[in-house]
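Secondary and tertiary structure notes
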Amino acid sequence: MGLFTSTEFDSLECLLVDQLQDLYDAESRLVDALPKMADAASSPELKQAFRGHLDETKGHVNRLEEAFQLLDASAKRKTCDAMKGLVSEGDEMIGAKGDAAIKDAALIAAAQRVEHYEMAGYGSARNFAQRCGRQDVADLLQQTLQEEGDANKKLTQIAESSINSAAAQA
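No experiment lies behind these values; they were computed from the predicted model shown.

About the criteria used
- Residues numbered from 1 in each chain as written.
- Predicted model: local features only at pLDDT ≥ 70, side-chain atom pairs only at ≥ 80, totals over all residues.
- Heavy atoms only, no water.
- Axes fitted to C-alpha atoms, helices over the stretch in contact; angles between N-to-C directions.
- Helix = DSSP H or I, 4+ residues; strand = E, 2+ residues; numbered from the N terminus.
- Parallel < 35°, antiparallel > 145°, perpendicular 65-115°, else oblique.
- Contact = heavy atoms within 4.5 Å.
- Nonpolar A, V, L, I, M, F, W, Y, C, P; charged D, E, K, R; others polar.
- Disulfide = S-S within 2.5 Å.
- Expected span 1.5 Å × (residues − 1).
- Bend = angle between axes of the 7 residues up to and from the residue.
- Phe/Tyr/Trp six-rings, centres within 6.5 Å; stacked < 30°, edge-to-face > 60°.
- Buried < 20%, exposed > 50% of the residue type's maximum accessible area, 1.4 Å probe, protein only.

What follows covers the packing of helix H3 (residues 81-94) against helix H4 (residues 100-131). Their axes nearest at 9 Å, the elements H3 and H4 cross at an angle of 170°. By the angle between their directions, the pair H3 and H4 is classed as roughly antiparallel. Contacts between H3 and H4 involve Ala 82, Met 83, Leu 86, Glu 89, Gly 90, Met 93 and Ile 94 on the former and, on the latter, Lys 103, Ala 106, Leu 107, Ala 110, Arg 113, Val 114, Tyr 117 and Glu 118. For the contact of H3 with H4, a count of residues per class yields 10 nonpolar, 1 polar and 4 charged.

What follows is the structure, encoded as structure tokens:
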């Protein structure tokens, strides 16, 4: 048996549900990871950003559950190998030793990788929902996509306003 398993898609809605199950797993993993990232950060602003995004991420999980209900689909998780890898990289930054500002910069970089992955996933799923004529689901996904983009912008602002310059001075 090969490394990849076969998944059968017989409709775009089937693919949409598959993508939502992947995102559901990804968001659930982040609910566990974000408190650890907040604890590892030294910057109060960064700690607060991670804690704030944890609350949003719990909302993303709830929104995905609502999307499953609208689609009359089972709200189940499909292992998101990409998020497993991104969380693993974040864990490496959490456990890193050295200058606090440099560690904060590393945590931001890891978090932004996560945000970009999520934005890609939500954007694709939203487009699939629109193509399936499910604007109700697309609207839910767009809300989350907007919040992921806002979280990414906030991380950039924190990095550029203080963390990166402090890390460069270390």
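What follows deals with the state of the cysteines. On inspection of all chains with the given rule, the structure shows 0 disulfides. Residue Cys 14 stays outside any disulfide, its sulfur separated by 10 Å from that of Cys 132, the closest cysteine.

Here the focus is helix H1 (residues 12-40). Taking 1.5 Å per residue, 29 residues should reach 42 Å; H1 reaches 41 Å between its end C-alpha atoms and fits that length. Of all the bends found along H1, the most pronounced is centred on Asp 32 and spans about 35°, while Pro 35, a proline, follows it within four residues.

By the definition in use, this model includes 1 aromatic pair. On the numbers, 5.5 Å between centres and 75° between planes, the contact of Tyr 24 with Phe 68 is edge-to-face. With Tyr 24 in helix H1 and Phe 68 in helix H2 (residues 44-70), this pair connects stretches of sequence that are 44 residues apart. Take Tyr 24 and Phe 68: they sit in the same class, and that class is buried.

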